[in-house]
Amino acid sequence: MKKEKTIDTHIIDGAIRLATKAHEGVVRKGGSIPYIVHPMEAMVIVSTITDDQEVMAAAVLHDAVEDSDVTIEDIRSNLGTRVADLVSAETDSEVPGLTHIESWQHRKQTTIDRLSAASRDVQIVALGDKLSNIRAMLRDYHRLGDSLWQRFNEKNVDRHAWYYHQLVKSLASLSDTDAYQEFANLVEQVFPT
């Protein structure tokens, strides 16, 4: 029997443990799927583009700072500066003086601009997140129709369409990947032009 190759996965293992604890007991919007499924799917998508464990670790932690008590410093002390910096680059910032809902357009435009100029590794983490999201949207749209948009803070489908079409443009440097091709295709299915 041939012995399987083993690798050191301590960075990914640590990221999964931290993400699992951060999202413990939380479900995805509008459903009963444990939230951890989304960051795990994002990590799997990223693994189709790169075998860089720090990029995969950032993908599994991409929502931890926004959605839990985990801080960038927690990530830095547990998994290193590069993972922390990649997660930080994928973390939405609140806009002073505006509520989360009021700041939607500004935050999304900031994301589009940031990703257009970001490193390939940051774009890969973002693509993992966004592809996972659009897959879920398409599944739920088939089941719920236009009522899907009521689960989001921003309920206007045209604004979501604008955002996702802009993301396709912002991430175009990844067009050599299957994940990007799937993303662009699904965005067109959910938001036909």
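Everything in this summary refers to the structure shown in the same document.

Reading the values: the criteria
Residues numbered from 1 in each chain as written. Predicted model: local features only at pLDDT ≥ 70, side-chain atom pairs only at ≥ 80, totals over all residues. Heavy atoms only, no water. Axes fitted to C-alpha atoms, helices over the stretch in contact; angles between N-to-C directions. Helix = DSSP H or I, 4+ residues; strand = E, 2+ residues; numbered from the N terminus. Parallel < 35°, antiparallel > 145°, perpendicular 65-115°, else oblique. Left-handed = near helix turned anticlockwise from the far one by under 90°. Contact = heavy atoms within 4.5 Å. Buried < 20%, exposed > 50% of the residue type's maximum accessible area, 1.4 Å probe, protein only. Salt bridge = Lys/Arg side-chain N within 4 Å of Asp/Glu carboxyl O.

### Observations regarding the packing of helix α2 (residues 37-47) against helix α3 (residues 53-60)
Inference 1: Between α2 and α3, the shortest axis-to-axis distance is 7 Å and the interhelical angle comes to 155°. Here α2 is positioned roughly antiparallel relative to α3, judged by the angle of their axes. The interaxial crossing formed by α2 with α3 has right-handed handedness. Two secondary-structure elements touch here, α2 through Pro39, Met40, Ala42, Met43, Val46 and Ser47 and α3 through Val55, Met56, Ala59 and Val60.

### Concerning the side chain of Ser132
Inference 1: For Ser132, the location among the structural elements is in helix α8 (residues 120-144).
Inference 2: For Ser132, a relative accessible area of 0% corresponds to the buried category.
Inference 3: Excluding anything up to four places from it in sequence, Ser132 contacts Arg28, His38, Glu41, Ala42 and Ile45.

### A few points about the pattern of salt bridges
Inference 1: Counted according to the given criterion, the structure contains 13 salt bridges.
Inference 2: Of the charged contacts in the structure, one is a salt bridge between Glu73 and Arg76, with a shortest N-O distance of 3.1 Å. Of this pair, Glu73 and Arg76 both sit in helix α5 (residues 72-79), three residues apart, roughly one helical turn.
Inference 3: Note on Arg76: relative accessible area 26%, which makes it partly exposed.
Inference 4: Asp129 is the salt-bridge partner of Lys130, the closest N and O atoms lying 3.2 Å from each other.
Inference 5: Members of the salt-bridge network, linked through shared partners, are Asp52, Glu54, Arg82 and Asp121.

Worth remembering: the numbers are spatial, not functional.
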